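# Overview (structure and organization)
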Amino acid sequence: MAEVNGEACSVCQGSGRPGDGMIRCICGGDGTRKAEVDNLRALAEALRSELERIRAIVAGFGFTATKPSEIAAAVERLGKRCIDAEEEFVKLKRQRAT
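Heads up: these notes are all about the structure in this document. (Residues numbered from 1 in each chain as written. Predicted model: local features only at pLDDT ≥ 70, side-chain atom pairs only at ≥ 80, totals over all residues. Heavy atoms only, no water.)

We now examine a nonpolar patch on the surface. Judged by side-chain polarity, Leu-40, Leu-43 and Leu-47 come together as a nonpolar surface patch covering roughly 270 Å² of accessible area. Within the secondary structure, Leu-40 sits in helix α1 (residues 33–60). When its relative accessible area of 40% is taken as the criterion, Leu-40 is described as partly exposed. (Patch = residues over 30% accessible without salt bridge, like charges linked within 9 Å, V, L, I, M, F, W, Y side chains within 5 Å. Areas by Shrake-Rupley, 256 points an atom, 1.4 Å probe, with all protein chains shown as cover. Salt bridge = Lys/Arg side-chain N within 4 Å of Asp/Glu carboxyl O. Helix = DSSP H or I, 4+ residues; strand = E, 2+ residues; numbered from the N terminus. Buried < 20%, exposed > 50% of the residue type's maximum accessible area, 1.4 Å probe, protein only.)

So, on to α1. Residues lying three or four places apart along an α-helix face the same way, a consequence of the helix completing one turn every 3.6 residues. An ideal rise of 1.5 Å per residue puts 40 Å on 28 residues; α1 measures up with 41 Å between its terminal C-alpha atoms. Of all the positions in α1, only Ala-35, Glu-36, Leu-51 and Val-58 are classed as buried. Buried-residue contacts for α1 involve α2 (68–97). Directly beyond the C-terminal end of α1, a positive phi value near 90° is found at Gly-62. (Expected span 1.5 Å × (residues − 1). Contact = heavy atoms within 4.5 Å.)

Within the secondary structure, Glu-36 sits in helix α1. When near neighbours in sequence (up to four residues on either side) are disregarded, Glu-36 contacts Cys-9, Ser-10, Val-11, Ile-26 and Cys-27.

Turning our eyes to something else, we now look at the environment of Val-11. Inspection of the secondary structure assignment puts Val-11 in the segment before α1. Measuring from C-alpha to C-alpha, the distance between Val-11 and Cys-25 comes to 7.0 Å, with 14 residues separating the pair along the chain. Not counting residues within four places of it along the chain, the set of residues in contact with Val-11 comprises Met-22, Cys-25, Ile-26 and Glu-36.

Any link to function would need more than the numbers given here.
Encoded structure:
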């Protein structure tokens, strides 16, 4: 069992092997609590960066999403706006054809 200061990974208990349904353990196979925490911090930072990127895209379409929970609603409104615009386009095409 791999341990640092007596602390093993809380997911694999130090074995470094992934649990059921996992590709690999969050500790990266190291089995230590330090590796687990380091990888969780890296994951959190990556998610923050991705969140900022999505916020910028949504803002580019005129929607504000200050909290992660608001992003899904903004994307739904954006999708509805796209569908509505497509329906309007089809109506205009039909009117011009007649």
